[in-house]
Amino acid sequence: MADKQKNIIEVKNLIKRFGDRTVLDGINLNVPEGKITVIMGGSGCGKSTMLRHLIGLHQPTEGDIYVDNENIVGMSEKQMNGVKRKFGMLFQGAALFNSMSVGDNVALPLREHTDLSDEIIQIIVKVKLELVGLTGFEDFMPYQISGGMKKRVALARAIALDPKIVFYDEPGAGLDPITASMIDQLILDLSQKLKITSVVVTHEMKSAFRIADQMIVLHKGKVLQVGTSEEIKNSSNSYIQQFINGEPEGAIPLKQTSEAYLKGLLES
Amino acid sequence: MKIQQKQKDDIQVFELDGELDFHTSPDLREKISAEVSKQNHKVVVNLKNVSYIDSSGLATFVEALQKAKRASGKFILAELAPAVKSVFEIAKLDKVFSLAGTEEDACRLAKA
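Note that the structure is predicted; figures quoted are calculated from it, not measured.

> Teacher, can you tell me more about the overall build of chain A here?
Helices and strands together make up the secondary structure of chain A, namely ten helices and ten strands. By the compact-globule yardstick of 18 Å for 268 residues, chain A fits well, its C-alpha radius of gyration being 20 Å. Dimensions along the principal axes, computed over C-alpha positions, put chain A at roughly 65 × 50 × 40 Å. Put simply, 63% of the contacts in chain A that link residues at least 6 apart link residues at least 24 apart. Summed over its atoms, the accessible surface of chain A is roughly 13400 Å², and 50% of this surface lies on carbon and sulfur atoms. Between the mean site of the 30 positive side-chain charges and the mean site of the 32 negative ones, chain A shows a separation of 1 Å.

Here it is, written out as structure tokens:
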């Protein structure tokens, strides 16, 4: 690549401990601007905790997190609100307000964070709904639409304020394979058309390989490997191979050894 | 953002300089709305010095176009930088607006 790629997020030596338990253990990672970065790993690998740090919900025990050149670690709530304007978040369960119409859900961040008139907000809502393929659904209530459509409404809401970065927490969770692939296509479209940086946390392998420009594999709170889809697919790391092939036996122990069991039992 | 307004024959020309975003678009809306709402008025907006436009800027122009059409007027945008034009294309609005390469072309379109 001729141009030097700018990193919109840089995580430096991030450590997070909950009591004695180290959940993130010296994470270093970069998220290139305008690209789709997928953070993946098995349950309990630390990927959700990592995401919560990136959006400022957790403070690390040690380390720094730079978002668009600003270190968000130790920021005041007011400072953090300024940074939060730069990103949108698609929650796992869509998290729409059931008492509000689709249009009002998308309009919510515009009403909360800007002084725009309602006429202008209504036009923006229409444009955002078109971007997610839901033109004409403004007056529908969330209970009147499918799970996949709810996700798309949530995505329209996430991009309402024209964020630089969108975080996706398990975007395909609870969706059938066809709907999940439609959401993947939408993530690709938004990235390519709007040049939005996407950070996707998932353990869905098909989805990860479909969308990722860069993959980051976490295991036991550490970065195991960073690479393109091809590099991860061809990784010689036995943990990664076991994970992407979904094999029950391998380097990742399904259960603790009897030795660890006895040690844990007798020493507790 | 700087907004300059001038009259060219019977056309109101707005020259914008800066970024058109959530902070600056309400001011532009106020200035443009007054002109496009008048019957048969011709309005040209020159975007030569606009480097960035967000959804609120786009929506401001959509509303201006709606008002101009209702008032049987003309509303033309001129000299869009590629990054600005792509915002219209993404929202599939590039075919809805009259987009002119130069201010002179925009004025010709307004008079047509």
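Picking up where we left off.
> Help me out: how do you make sense of the environment of S235 of chain A in this one?
All names here are of chain A. Turning to its location among the elements, S235 is positioned in the loop between α8 (229-233) and α9 (238-245). A residue is classified by how much of its surface remains accessible, and S235, at 7% relative accessible area, is buried. Sequence-wise, S235 and Q225 are ten residues apart; in three dimensions their C-alpha atoms are separated by 8.5 Å. A polar atom in the side chain of S235 sits 2.6 Å from the side chain of Q225.

> Can you walk me through the packing of helix α3 (residues 102-113) of chain A against helix α5 (residues 147-158) of chain A in this structure?
Helix-helix packing is characterised by the crossing angle of the two axes and by the distance between the axes. Residue and element names in this part refer to chain A. Running from amino to carboxyl end, α3 crosses α5 at an angle of 30°, the nearest separation of the two axes being 8 Å. Considered as vectors, α3 and α5 are oriented roughly parallel to each other. For the pair α3 and α5, the sense of crossing is right-handed. Across the interface between the two elements, V102, N105, V106 and P109 of α3 pack against V153, A156 and R157 of α5.

> Looking at this structure, how should I read the confidence of the model for chain B?
In low-pLDDT segments, the atomic positions of the prediction should not be examined closely. Of the residues in chain B, 100% reach a pLDDT of 70 or more, and the chain-wide mean stands at 93. Model confidence for the complex: the whole-complex pTM is 0.85, and ipTM, which rates the interface, is 0.91.

> What exactly am I supposed to notice about the nonpolar core here?
One broad rule of soluble globular proteins: the nonpolar side chains tend to lie buried together. In terms of nonpolar packing, the biggest core is built from 81 residues, with L16, V45, F61, F75 and F88 of chain B touching the most fellow members. No other element matches the eight residues that helix α4 (residues 118-131) of chain A contributes to this core. Excluding its chain neighbours within four sequence positions, the residues that come into contact with F75 of chain B are I32, V36, V43, V45, F61, A64, L65, A68, F97 and S98 of chain B. In terms of nonpolar packing, the next biggest core, distinct from the first, is built from 28 residues, I8, I39, F87 and M89 of chain A among them.

> Explanation requested: the pattern of salt bridges in the structure shown.
A side chain with one charge may pair with a side chain of the opposite charge, provided their charged atoms come close. Per the stated rule, a full pass over the model turns up 27 salt bridges over all chains. Salt bridges sharing common partners tie together K6, D68, E70, K86 and K164 of chain A.

> Help me understand the side chain of K128 of chain A in this model?
Structurally, the position occupied by K128 of chain A is in helix α4. Its relative accessible area of 3% is what places K128 of chain A among the buried residues. Within the structure, K128 of chain A has its side chain in polar contact with the side chain of S55 of chain B (distance 2.7 Å). Contacts of K128 of chain A, omitting those with residues within four sequence positions, involve V106, A156, I159, A160 and D162 of chain A together with S55 of chain B.

> Whenever I open this one, the sheet that holds strand β2 (residues 21-32) of chain A confuses me. Can you help?
Backbone hydrogen bonds hold the strands of a sheet together, and the pairing may be parallel or antiparallel. Residues and elements named next belong to chain A. With respect to topology, four strands assemble into an open sheet ordered β2-β1-β4-β5, the strand pairing being antiparallel. The sheet is open, and its two borders are formed by β2 and β5 (70-71), each paired with just one other strand. In this structure, strand β1 (residues 7-18) lies alongside strand β4 (residues 62-67), joined through five bridges in antiparallel fashion. Bridging from a neighbouring strand, E10 pairs with Y66 of β4. Its contacts with the sheet put helix α1 (residues 47-54) on β1, β2 and β4, and the angle it makes with β1 is roughly 120°.

> Before we go on, may I ask you to explain the packing of aromatic side chains in this structure?
In this description, an aromatic ring pair is defined by two values, namely the gap between the centres and the angle between the planes. Taken as a whole, this structure holds six aromatic pairs over all chains when the rule is applied. Here the aromatic rings of F137 of chain A and F140 of chain A are separated by 4.8 Å at their centres, their planes lie at 45°, and the arrangement is tilted. The exposure class assigned to F140 of chain A is partly exposed, which follows from its relative accessible area of 32%. Ring centres of F61 of chain B and F88 of chain B lie 6.3 Å apart, and the angle between their planes is 25°; on these two criteria the pair is classed as stacked.

> How should I be thinking about the interface of chain A and chain B in this particular structure?
A common way to report how large an interface is uses the accessible area buried once the components associate. Chain A puts 18 residues into the contact, and the matching count from chain B is 18 residues. The contact between chain A and chain B buries some 1300 Å² in all, and 69% of this surface belongs to carbon and sulfur atoms. Taken together, chain A and chain B are joined by two salt bridges. Between E119 of chain A and R29 of chain B there is a salt bridge, with the nearest N and O atoms lying 3.6 Å from each other. Applying the counting rule to chain A against chain B returns four residue pairs in polar contact (both at pLDDT 80 or more). For the side of chain A that touches chain B, the secondary structure elements donating two or more residues are α4 and α6 (177-194) of chain A. Residue contributions to the side of chain A that touches chain B peak at eight residues, all from α4 of chain A. Along the lines of polarity and charge, the residues of the side of chain A that touches chain B split into ten nonpolar, two polar and six charged.

> Can you walk me through a nonpolar patch on the surface in this structure?
Taken together, the side chains of Y261, L262, L265 and L266 of chain A make up a nonpolar region of the molecular surface, amounting to roughly 450 Å² of accessible area. Relative to the helices and strands, L265 of chain A resides in helix α10 (residues 258-267).

Conventions and cut-offs
- Residues numbered from 1 in each chain as written.
- Chains lettered and ligands numbered in written order.
- Predicted model: local features only at pLDDT ≥ 70, side-chain atom pairs only at ≥ 80, totals over all residues.
- Heavy atoms only, no water.
- Helix = DSSP H or I, 4+ residues; strand = E, 2+ residues; numbered from the N terminus.
- Rg over C-alpha atoms; globule rule 2.2 N^0.38 Å.
- Contact = heavy atoms within 4.5 Å.
- Areas by Shrake-Rupley, 256 points an atom, 1.4 Å probe, with all protein chains shown as cover.
- Lys, Arg positive; Asp, Glu negative; His and termini not counted.
- Charge placed at Lys NZ, Arg CZ, Asp CG, Glu CD.
- Buried < 20%, exposed > 50% of the residue type's maximum accessible area, 1.4 Å probe, protein only.
- Polar contact = N/O pair within 3.5 Å; in protein donor to acceptor, adjacent residues only side chain to side chain.
- Axes fitted to C-alpha atoms, helices over the stretch in contact; angles between N-to-C directions.
- Parallel < 35°, antiparallel > 145°, perpendicular 65-115°, else oblique.
- Left-handed = near helix turned anticlockwise from the far one by under 90°.
- pLDDT = per-residue confidence, 0-100.
- Core = buried A, V, L, I, M, F, W, Y, C linked by side-chain atoms within 4.5 Å.
- Salt bridge = Lys/Arg side-chain N within 4 Å of Asp/Glu carboxyl O.
- Pairing = 2+ DSSP bridges.
- Phe/Tyr/Trp six-rings, centres within 6.5 Å; stacked < 30°, edge-to-face > 60°.
- Buried area = accessible area lost by both parts, 1.4 Å probe.
- Nonpolar A, V, L, I, M, F, W, Y, C, P; charged D, E, K, R; others polar.
- Patch = residues over 30% accessible without salt bridge, like charges linked within 9 Å, V, L, I, M, F, W, Y side chains within 5 Å.

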